[in-house]
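Survey of secondary and tertiary structure
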Amino acid sequence: MAKRLVWFAAGVGAGATGASYVRRKLRQATRRPAPRPPGTDAGARAKAAVSEARAALAEGTAAVRRYRAEIARRALEDPPGR
């Protein structure tokens, strides 16, 4: 009879420990934010990439215009063959 009592107590202890562990893990899981679906931010990232590309293109175009203006100014100041 003593063996049964020992095994019963061990089972109750193991069950209580397991239930406590599961409860703790569930609480941790519910506190974490749920993962967002993969396509949620795809549109926003694409728009941001297009915006950055347009800004880079505008900056490059402005730099080329400045360079060409500088070349034209230099050509007027110091014409070739002088």
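Residues numbered from 1 in each chain as written. Predicted model: local features only at pLDDT ≥ 70, side-chain atom pairs only at ≥ 80, totals over all residues. Heavy atoms only, no water.

Further remarks concern the overall build of the protein. Helix and strand counts for the protein come out as two helices and zero strands. Relative to a compact globule of 82 residues, whose C-alpha radius of gyration would be 12 Å, the protein shows 36 Å and is clearly more extended. Counting only C-alpha atoms and orienting by the principal axes, one finds that the protein spans roughly 120 × 25 × 15 Å. In the form shown here, the protein has an accessible surface area of approximately 7800 Å², with 63% of it arising from carbon and sulfur atoms. Of the side-chain charges in the protein, 18 are positive and 6 negative, and the distance between the mean point of each set is 30 Å. (Helix = DSSP H or I, 4+ residues; strand = E, 2+ residues; numbered from the N terminus. Rg over C-alpha atoms; globule rule 2.2 N^0.38 Å. Areas by Shrake-Rupley, 256 points an atom, 1.4 Å probe, with all protein chains shown as cover. Lys, Arg positive; Asp, Glu negative; His and termini not counted. Charge placed at Lys NZ, Arg CZ, Asp CG, Glu CD.)

Another aspect to go through is the pattern of salt bridges. Under the criterion given, the structure shown has three salt bridges. Linking Arg73 and Glu77 is a salt bridge whose minimum nitrogen-to-oxygen distance equals 2.5 Å. Of the two residues, Arg73 and Glu77 both sit in helix H2 (residues 42-77), four residues apart, roughly one turn of that helix. Each member of the salt-bridge network shares a partner with another, and the members are Glu70, Arg73, Arg74 and Glu77. (Salt bridge = Lys/Arg side-chain N within 4 Å of Asp/Glu carboxyl O.)

On to the environment of Leu76. One can find Leu76 in helix H2. For Leu76, a relative accessible area of 75% gives the class exposed. (Buried < 20%, exposed > 50% of the residue type's maximum accessible area, 1.4 Å probe, protein only.)

The subject of this paragraph is a nonpolar patch on the surface. Together, Leu5, Phe8 and Val12 make up a nonpolar patch on the protein surface, roughly 340 Å² of accessible area in all. With respect to the secondary-structure elements, Phe8 resides in helix H1 (residues 2-31). Note on Phe8: relative accessible area 59%, which makes it exposed. (Patch = residues over 30% accessible without salt bridge, like charges linked within 9 Å, V, L, I, M, F, W, Y side chains within 5 Å.)

In this section: the environment of Gly11. Among the structural elements, Gly11 can be located in helix H1. Judged by its relative accessible area of 44%, Gly11 is partly exposed.

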